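# Chain and residue survey
As a plain string of letters, each chain reads:
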Amino acid sequence: GERENEKLFAAEEARKRLQLGHEKRAWALADGGEYVEALNAWDAVLALTEENQRNRYRVYRLNTLARSGEHLQATREAEALLAVLGTTGSGAFEVGGVHAVAAVAARQAANVTESERGRLAEQYALRALALLQVAEKQGWFKQSAKVKRLNQDRTFDGLRERADFKALLKRL
């Protein structure tokens, strides 16, 4: 009865605290460039998160994966996630962010030629912009808070100097 409910409540509270601890650790590790450990922390967060709440953490993990240099794997997984999310404004925005991060990572990749770095970075940037345009068409940016997020989110920093990104911001 009541004792069992108290135990269940306590266990749920402990799970939430553990999840939050792993999330804070993942952010700190990723910010510090410790990508392998950050990815492990994101995996722990995902394991502790209910299925219907996991997608945003999947996006955070994919951004970390792209930053780690695994931009090809990150964008492939992001496209698979987009298939699950559907081309909603939110899904297009979040997956566009993964591609924006991948564009920066590709420019810094040491394991490919300079021309290949440029080609990949442009490919990812164009896909990010195409997804942001999908989000725009879906009405995602009708709320000023979402426009503000696009303007301030560091995820999109790699696109800020592009004329096509500036044109998008101007339209919004």
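Everything here concerns the structure above.
Residues numbered from 1 in each chain as written. Predicted model: local features only at pLDDT ≥ 70, side-chain atom pairs only at ≥ 80, totals over all residues. Heavy atoms only, no water.

### Re the overall build of the chain
A tally of helices and strands in the chain yields eight helices and zero strands. Starting at the N terminus and ending at the C terminus, the chain contains elements arranged as α-α-α-α-α-α-α-α. Along the longest, intermediate and shortest principal axes, the C-alpha atoms of the chain span 65 × 40 × 25 Å. Taking all 172 residues of the chain together, the buried fraction comes to 40%. Here the contacts in the chain between residues at least 6 apart in sequence split such that 56% fall between residues at least 24 apart. Roughly 9,900 Å² of accessible area belongs to the chain as shown, and the carbon and sulfur atoms make up 51% of that amount. (Helix = DSSP H or I, 4+ residues; strand = E, 2+ residues; numbered from the N terminus. Buried < 20%, exposed > 50% of the residue type's maximum accessible area, 1.4 Å probe, protein only. Contact = heavy atoms within 4.5 Å. Areas by Shrake-Rupley, 256 points an atom, 1.4 Å probe, with all protein chains shown as cover.)

### So, the side chain of Glu23
On the secondary structure map, Glu23 appears in helix H1 (residues 2-31). Arg56 is the oppositely charged side chain nearest to the buried, salt-bridge-free Glu23, at an N-O distance of 5.2 Å. Within the local environment of Glu23, its side chain forms a polar contact with the side chain of Tyr57, the two groups lying 3.3 Å apart. With near-sequence residues (within four places) excluded, Glu23 lies in contact with Trp42, Val45, Tyr57 and Tyr60. (Lys, Arg positive; Asp, Glu negative; His and termini not counted. Salt bridge = Lys/Arg side-chain N within 4 Å of Asp/Glu carboxyl O. Polar contact = N/O pair within 3.5 Å; in protein donor to acceptor, adjacent residues only side chain to side chain.)

### Let's talk about the layout of surface pockets
Considering only enclosed or pocket space, the largest pocket measures out at about 290 Å³ in volume. For the lining of the largest pocket, the elements supplying multiple residues, two or more each, are H1, helix H3 (55-67) and helix H5 (89-107). No other element matches the four residues that H3 contributes to the lining of the largest pocket. A breakdown of the residues in the lining of the largest pocket according to their chemical character gives seven nonpolar, three polar and six charged. (1 Å grid on protein atoms, 1.4 Å probe; cavity = no way out; pocket = protein on both sides within 12 Å on 5 of 7 lines; lining within 4 Å. Points joined across faces, edges and corners; volume = space filled by probe spheres on them. Nonpolar A, V, L, I, M, F, W, Y, C, P; charged D, E, K, R; others polar.)

### Things to note about the packing of helix H4 (residues 71-85) against H5
Each pair of packed helices can be summarised by the angle the axes make with each other and by the distance between the axes. Running from amino to carboxyl end, H4 crosses H5 at an angle of 175°, the nearest separation of the two axes being 10 Å. Overall, the two elements H4 and H5 adopt an arrangement that is roughly antiparallel. Together, His71, Ala74, Thr75, Ala78, Glu79, Leu82 and Leu85 of H4 and Gly91, Ala92, Val95, Val98, His99, Ala102, Ala105 and Ala106 of H5 make up the contact between the two elements. Split into classes, the residues belonging to the contact of H4 with H5 amount to 10 nonpolar, four polar and one charged. (Axes fitted to C-alpha atoms, helices over the stretch in contact; angles between N-to-C directions. Parallel < 35°, antiparallel > 145°, perpendicular 65-115°, else oblique.)

### A word on the packing of aromatic side chains
Counted under the stated rule, the structure contains eight aromatic pairs. The interplanar angle of 50° and the centroid separation of 5.1 Å between the aromatic rings of Phe93 and Phe156 together place this pair among those described as tilted. Of this pair, Phe93 sits in helix H5 while Phe156 sits in the loop between helix H7 (144-152) and helix H8 (163-171), and the two are 63 residues apart along the sequence. Linked through ring pairs, Trp27, Trp42, Tyr57 and Tyr60 together constitute an aromatic cluster. (Phe/Tyr/Trp six-rings, centres within 6.5 Å; stacked < 30°, edge-to-face > 60°.)

### Concerning the packing of H1 against H3
Here H1 crosses H3 at 25°, and the two axes come no closer than 11 Å. It follows from the interaxial angle that H1 and H3 lie roughly parallel. Classified by chirality, the crossing of H3 by H1 is left-handed. Every residue of H3 that contacts H1 at Gln19, Glu23, Trp27 and Ala30 is listed here: Tyr57, Tyr60 and Thr64. Broken down by class, the residue content of the contact of H1 with H3 amounts to four nonpolar, two polar and one charged. (Left-handed = near helix turned anticlockwise from the far one by under 90°.)

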